[in-house]
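Geometric and topological summary
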Amino acid sequence: MVMFKITRVETTPFEGQKPGTSGLRKKVKVFIQPHYLQNFVQATFNALGADRVKGATLVVSGDGRYYSKDAIQIITKMAAANGVRRVWIGQNGLLSTPAVSAVVRERVGADGSKATGAFILTASHNPGGPHEDFGIKYNMENGGPAPEGITNKIYENTTTIKDYLIAEGLPDVDISTTGVSSFEGPGGKFDVDVFDSTSDYLKLLKSIFDFPSIQKLLSSPNFSFCYDALHGVAGIHAKRIFVEELGANESSLVNCVPKEDFGGGHPDPNLTYAKELVARMGLSKTHSEPNPPEFGAAADGDGDRNMVLGKRFFVTPSDSVAIIAANAVEAILYFSGGLKGVARSMPTSAALDVVAKHLNLKFFEVPTGWKFFCNLMDAGMCSICGEESFGTGSDHIREKDGIWAVLAWLSILAYKNKDNLGGGNLVTVEDIVRQHWATYGRHYYTRYDYENVDAGAAKELMAHLVKLQSSLDEVNKIIKGIHSDVSSVVHADEFEYKDPVDGSVSKHQGIRYLFEDGSRLVFRLSGTGSEGATIRLYIEQYEKDSSKIGRDSQEALAPLVEVALKLSKMQEYTGRSAPTVIT
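Residues numbered from 1 in each chain as written. Predicted model: local features only at pLDDT ≥ 70, side-chain atom pairs only at ≥ 80, totals over all residues. Heavy atoms only, no water.

1. Some thoughts on the overall build of the protein
From N to C terminus, the protein includes 19 helices and 27 strands. Taking 25 Å as the expected radius of gyration for a compact globule of 583 residues, we find that the protein reaches 24 Å, a close match to that expectation. In terms of principal-axis extent, the alpha carbons of the protein reach across some 75 × 60 × 45 Å. Buried positions account for 60% of the 583 residues belonging to the protein. Distance from the positive charge centre (61 side chains) to the negative charge centre (70 side chains) of the protein: 2 Å. (Helix = DSSP H or I, 4+ residues; strand = E, 2+ residues; numbered from the N terminus. Rg over C-alpha atoms; globule rule 2.2 N^0.38 Å. Buried < 20%, exposed > 50% of the residue type's maximum accessible area, 1.4 Å probe, protein only. Lys, Arg positive; Asp, Glu negative; His and termini not counted. Charge placed at Lys NZ, Arg CZ, Asp CG, Glu CD.)

Below, the structure written as structure tokens:
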């Protein structure tokens, strides 16, 4: 048996190692600096404390982006030196973020061990490659992201760190082959278990959904299907789940081979970046597909986000979570006993609010960041939740789950079409959405992203918007001067959230302008970029009149968009005449 010894390496702090809403994200060139990753990992071990680290079982895997394989070996050696008992690694270092959560919550090792936490190596929907982004975050024993109490300690530790521990003499582990490798160190035995990346996740999904009914839908001659993993980690799960388990044709899968640089693309499942799927579904402005599939979906780099499309029809993420919630009890086995409650992030449209009120469900509006949903789910207060940034999930794990969302939609389609799969017209994705609007009203909604804006200019813009809120009369005077037919603002604030579970208060979570007719403007600085600042502008208008729910979204929102841009002085502060991305 290979013996290793523990080495203490002297180091000095790096500036800016503060985890955002989803961990630490920087350019690869930053992470590959000597000691940079090691400092952050040791700061995390120190923040967790010896009682959580000594003898622990940790998952270390990610989306396979560039630098992941090197990072896995470094973290494994540091785990051994810090007294961790076992490290579990998905084969080839690949595990989607939802699969990591499932493994932490569900997997039992051959020796009866259970995971106590996880390092997830991902920058989510950000590009990958030698000149692009890398990221790392820590998830707790519930499978969810570390709470602010832990991430704040991690950051504090990075500012004072003097040394880190690493196992000297521990060889790199072959992560391409499943099996257990055992080593011996000063503290005793240390094991590395490389395991199949999909089995535990698939087992959990099969306990939630009626796979035979979905299989019947996918095998129907009337139904066609397309799934685009954008060369992210969801591709390894997609083949096992959609093709091998559910019988979809392998030709239904697009870009399902994970690549370190995501094939040179941007692994963000939206209408701007998922170009191939958008064209295949008949929504491209430059390419006309004669016969698009009935259903299409895309994933991001680490598989926790999703985009849902029908034939020539886009489903907004805000509508998607509302429609899943409205149909869950009938269509999804896991929810047949009813929903405990539902929740959305503050910038997400109020479509879910209307469903919750109609179905008499507990409803929660939380800040952006999945950890806020996790608290509610751990307390048994929330079953389904979602955010406008293409994240949807439920209490089966403690992360958003892109494949779960796709299976939820396939379950709804299977339920709605259970009597007509042999022939006749299918109930389509568009039919389901339009029926939902007819029942609950439509929330016209769009998001404008201004990426890599000068951080100082972004802060000045936000300060300007806060200052405006001191006089709503002045705000409404400005608005009427821009568009006289736009409703008046009746409330404006910076969103603040008091967690009903632990009582913690989260301030400065976004600037809101709420209008008399139910419309909203929301401005936020995003914490998911790797450099500069990203300003997100959310524009929403509610329409209950069934004769007015069929308009083009951008056309319906045009007056509010003009108000938002002029009220915020977007171009003056940022120098941008147009957003980077519109969703």
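On we go.
2. Comments concerning the packing of helix 8 (residues 211-219) against helix 14 (residues 402-416)
Remark: helix 8 packs on helix 14, axes separated minimally by 9 Å, with the N-to-C direction vectors making an angle of 75°. On the basis of the axis angle, helix 8 is roughly perpendicular to helix 14. Counting all contacts with helix 8, which are made through F211, S213, I214, L217 and L218, the residues of helix 14 involved are L407, L410, S411, L413 and A414. When grouped by side-chain class, the residues that make up the contact of helix 8 with helix 14 number eight nonpolar, two polar and no charged. (Axes fitted to C-alpha atoms, helices over the stretch in contact; angles between N-to-C directions. Parallel < 35°, antiparallel > 145°, perpendicular 65-115°, else oblique. Contact = heavy atoms within 4.5 Å. Nonpolar A, V, L, I, M, F, W, Y, C, P; charged D, E, K, R; others polar.)

3. Describing the pattern of salt bridges
Evaluation of the coordinates by the stated rule reveals 32 salt bridges. A salt bridge links R85 to D191; the shortest N-O distance between them is 3.2 Å. Taken together, the residues span a long stretch of sequence, with R85 in the loop between helix 4 (68-81) and strand 5 (86-90) and D191 in strand 10 (residues 188-195) at a distance of 106 residues. The exposure class assigned to R85 is partly exposed, which follows from its relative accessible area of 21%. The class for D191 is buried, based on a relative accessible area of 8%. Where salt bridges share partners, they join R344, D353, E365, D493, R512, R520 and E540 into one cluster. (Salt bridge = Lys/Arg side-chain N within 4 Å of Asp/Glu carboxyl O.)

4. Some remarks on the environment of A457
Structurally, A457 can be placed in helix 16 (residues 455-468). Considered as a pair, A457 and A533 are 76 residues apart in the sequence and their alpha carbons are 9.0 Å apart.

5. Quick word on the packing of aromatic side chains
Following the criterion strictly, the structure yields 18 aromatic pairs and no others. A centroid spacing of 6.4 Å and a plane angle of 70° characterise the contact between W88 and F195, whose relative ring orientation is edge-to-face. Taken together, the positions of W88 in strand 5 and F195 in strand 10 put the pair 107 residues apart, joining distant regions of the chain. F195 sits in the buried class, given a relative accessible area of 4%. Among the aromatic residues, those joined into a ring-pair cluster are F14, F31, Y36, Y67 and F134. (Phe/Tyr/Trp six-rings, centres within 6.5 Å; stacked < 30°, edge-to-face > 60°.)

6. Side note on unusual backbone geometry
Phi is positive for F390, which is not a glycine, with a value near 70°. Secondary-structure assignment places F390 in the loop between strand 18 (384-387) and strand 19 (391-394). With a phi angle near 55°, H508 is a residue other than glycine that sits in the positive phi range. On the basis of relative accessible area, H508 is assigned to the exposed category, the value being 58%.

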